[in-house]
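Residues per chain, in single letters:
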Amino acid sequence: MDEHLADDLADLPALLEAVRQYAEDVLAGVDSRPVVNGARPEPAPVPVPERGAGLRAALDEFTLRWAPGFSGSAGPRYLGFVVGGTTPAALAGDWLTSTFDQNVHSARDSAATALEHETVDWLRQLFGLHPDHVGAFVSGATMSNLVGLAIAREWLGERLGVSVAHAGVGALGAATVLSGEPHSSVYKALSVLGMGRDSMRLVPKLPGREAVDVDRLAAALDALGRPAIVVANAGTVNTVDFDDIAAIAALKDRFDFWLHVDGAFGAFAALSPEHAHLVNGIADADSVCVDLHKWLNVPYDSAVQFTRRRDLQVAVFENAAVYLGLPTSVPDFVHLTPETSRRLRALPAWFTLTAYGRDGHREIVERDVAAARRLGELLAGLPNVRLLAPVRLNVVCFAVDGFTPDQVADAVTAGGETFLTPTLLDGMPALRAAFSNWRTTSADVDRVYRAIANAVAGTCTGAP
Ligand SMILES: *Cc1c(COP(=O)(O)O)cnc(C)c1O
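Bear in mind that the values here come from a model prediction, so they are computed numbers and not experimental data.

Glancing now at the side chain of Arg 342. As for its placement among the helices and strands, Arg 342 is situated in the loop between helix 11 (310-317) and helix 12 (346-380). There is a polar contact of 2.7 Å between the side chain of Arg 342 and the side chain of Glu 116. Sequence-distant contacts of Arg 342, that is, excluding residues within four places in its chain, are made with Gln 102, Asn 103, Val 104, Glu 116, Ala 136, Phe 137, Phe 333 and Thr 337.

Compared with the 28 Å implied by 1.5 Å per residue over 20 residues, the 29 Å span of helix 6 (residues 141-160) between its first and last C-alpha is a close match. Counting buried residues along helix 6, 15 of its 20 residues qualify, which places the element largely inside the surrounding structure. A positive phi of about 80° marks Gly 161, the residue just after helix 6.

Contact pair helix 1 (residues 3-10) / helix 2 (residues 12-28): the axes reach a minimum separation of 5 Å and the direction vectors enclose 80°. As the angle between them shows, helix 1 and helix 2 are arranged roughly perpendicular. Packed against helix 1, whose contacting residues are Asp 8, Leu 9 and Ala 10, the element helix 2 presents Leu 12, Pro 13 and Leu 15 at the interface. For the contact of helix 1 with helix 2, the residue count by class is five nonpolar, no polar and one charged.

Let us now look at the sheet that holds strand 1 (residues 134-138). The sheet built from seven strands is open, its strands ordered 1-7-6-5-4-2-3 with mixed pairing. Of all the strands in the sheet, the pair left with one neighbour each is strand 1 and strand 3 (200-202). Adjacent strand axes in the sheet meet at a mean angle of 20°, parallel and antiparallel pairs treated alike. Where strand 4 (residues 228-233) and strand 5 (residues 257-262) come together, six bridges link them in parallel fashion. Looking across to strand 5, one finds that Asn 233 is bridged to Asp 262. Packed onto the sheet, helix 5 (residues 112-126) meets strand 1 and strand 7 (303-307) and runs at close to 110° relative to strand 1.

Looking now at the packing of aromatic side chains. Applying the stated rule across the entire model yields nine aromatic pairs. Look at Phe 62 and Phe 70: their rings are 5.4 Å apart centre to centre, the planes differ by 70°, and that puts the pair in the edge-to-face class. What makes Phe 70 partly exposed here is its relative accessible area of 43%. Where Trp 122 meets Trp 350, the ring centres are 6.1 Å apart and the plane angle is 20°; that geometry is what we call stacked. Within this pair, whereas Trp 122 is found in helix 5, its partner Trp 350 is found in helix 12, the two being separated by 228 residues in sequence. Overall, Trp 122 belongs to the partly exposed group, its relative accessible area being 27%. On the accessibility criterion, Trp 350 (22% relative accessible area) is partly exposed. Every member of this aromatic cluster is reached through a ring pair, and the members are Tyr 22, Phe 62 and Phe 70.

All right, on to unusual backbone geometry then. The phi angle at Phe 81 is positive, at roughly 50°, despite the residue not being glycine. One can find Phe 81 in the loop between helix 3 (55-65) and helix 4 (88-100). Residue Phe 81 is classed as partly exposed on the basis of its relative accessible area of 46%. Non-glycine residue Val 240 carries a positive phi angle of around 50°. Residue position: Val 240 is located in the loop between strand 4 and helix 10 (245-250).

Core analysis: the largest hydrophobic core is formed by 66 residues, its most contacted members being Leu 123, Phe 127, Leu 259 and Leu 292. Take this core: its biggest share by element is seven residues, from helix 12. Setting aside chain neighbours within four positions, we find Phe 127 in contact with Ala 267, Phe 268, Ala 270, Leu 271, Ile 282, Val 290, Leu 292 and Phe 306.

Before going further, it helps to examine the environment of Gly 281. Relative to the assigned elements, Gly 281 resides in the loop between strand 5 and strand 6 (287-291). Judged by relative accessible area, Gly 281 falls into the buried class, the value being 18%. For the pair Gly 281 and Ile 245, spaced 36 residues apart in sequence, the C-alpha to C-alpha distance is 5.2 Å.

Attention shifts here to the pattern of salt bridges. A pair can form between side chains of opposite charge whenever their charged atoms are brought close. Taken as a whole, this structure holds 29 salt bridges when the rule is applied. Of the charged contacts, one joins Arg 77 and Asp 31 as a salt bridge, the two residues approaching to 3.1 Å between their closest N and O atoms. Within this pair, whereas Arg 77 is found in the loop between helix 3 and helix 4, its partner Asp 31 is found in the loop between helix 2 and helix 3, the two being separated by 46 residues in sequence. Assessed through its relative accessible area of 35%, Asp 31 is described here as partly exposed. A salt bridge links Arg 209 to Asp 241, with the shortest nitrogen-to-oxygen separation between them at 2.7 Å. Residue Arg 209 is found in the loop between strand 3 and helix 9 (214-224), and its partner Asp 241 is found in the loop between strand 4 and helix 10; the two are separated by 32 residues along the sequence. Owing to a relative accessible area of 29%, Arg 209 belongs among the partly exposed residues under this scheme. With relative accessibility at 2%, the residue Asp 241 sits in the buried group. The network of salt bridges with shared partners includes Asp 31, Arg 77, Glu 417, Asp 444 and Arg 447.

Procedures and definitions
Residues numbered from 1 in each chain as written. Predicted model: local features only at pLDDT ≥ 70, side-chain atom pairs only at ≥ 80, totals over all residues. Heavy atoms only, no water. Helix = DSSP H or I, 4+ residues; strand = E, 2+ residues; numbered from the N terminus. Polar contact = N/O pair within 3.5 Å; in protein donor to acceptor, adjacent residues only side chain to side chain. Contact = heavy atoms within 4.5 Å. Expected span 1.5 Å × (residues − 1). Buried < 20%, exposed > 50% of the residue type's maximum accessible area, 1.4 Å probe, protein only. Axes fitted to C-alpha atoms, helices over the stretch in contact; angles between N-to-C directions. Parallel < 35°, antiparallel > 145°, perpendicular 65-115°, else oblique. Nonpolar A, V, L, I, M, F, W, Y, C, P; charged D, E, K, R; others polar. Pairing = 2+ DSSP bridges. Phe/Tyr/Trp six-rings, centres within 6.5 Å; stacked < 30°, edge-to-face > 60°. Core = buried A, V, L, I, M, F, W, Y, C linked by side-chain atoms within 4.5 Å. Salt bridge = Lys/Arg side-chain N within 4 Å of Asp/Glu carboxyl O.

Shown next, in the form of structure tokens:
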């Protein structure tokens, strides 16, 4: 055994304690460190270490060279994108995922597959899906959308009497995907799946909204006259608008289409009695995407994909090798997602749901929604700030008159208190502040508000 490897093995308890202590220090500092640190070291062309230095030296090197440039995205005031965080139980689950290092490709050698099934079914219940919905963990919502649309593609083939999995996407001819405000990852998925980004046909939205006009969708399906894929959006990234999923699902009585719902973070509305109506009808979807590394507050590399047509899913993702095990009536996960070997992504979700339950996660969702509402009210009181949409759930979308979103975002970032991202809302430059972290309190909202108010005031005096 390599000398450093042997030393680390001998010293494992003390080394794990050192790493635990370091993690404790990092988490204790998450509230006081700059949310985004400008000090990012240029990656120097360092040759690959030939001899190595052992874990303790590696930890020192990381602490010195890399950690200072890492963002505070795990903390309560990082409001860019929709990043979530990591609950204590999710962190423990993630550590133990690596500790046990299970390969959840088959049920042959481990209970890990059963744990993933249990966790997926808890999530199905949490999001109000149908008892027929079955699911699998994937690495993120982009992958979840991709898997859902791959099953949809196979369904289109079934309607035409061809198997896309065998004959290829050419056998399908042109596919049509209809949506009002699809997430960018849907285009990526369509590109990867060979249906092409141009297969997306945008349907007009309701006036002043990011939700699709269901009458126009019906007209588009009618005009098309052949089977299609509809992507309904449960929570758009700019204004967290929701399509009327129940009304879209009702169109199935008149038209032949596959209904895929992208509920990456919007599906969490189901946890809050006040907002659950936003996802009415989601149980009727053919496939559903929900991100977990966003609002469930498990670490990155976690989303779930649900479908009602496991047979088509196996047709697409079957990995037929006798040594791996052929698909049975309860197919192993190796036959359900793009990967073959798979990390036990379910374990952090299992831990956080076991530790805090539906109630605990509802409280996180409701606290974040209250934070967004309060920030929206405070910002609306500033003379030059305009809210561009009502705060429907967890995002405040706004503009500052006279200044570009980049100017405002840069000024805010420089203050180190919070991080916001610029966006385009229907072509109009805007800013968004997205709440999804389990630690965020109303005191954080006040700090965020002061940071934005100061930045806007500073921008005002420094600008023409
Ligand atoms: C974040 C997001 C995605 C992509 O999720 P990743 O986890 O980054 O792959 C897809 N759809 C919506 C609506 C999202 O908010």
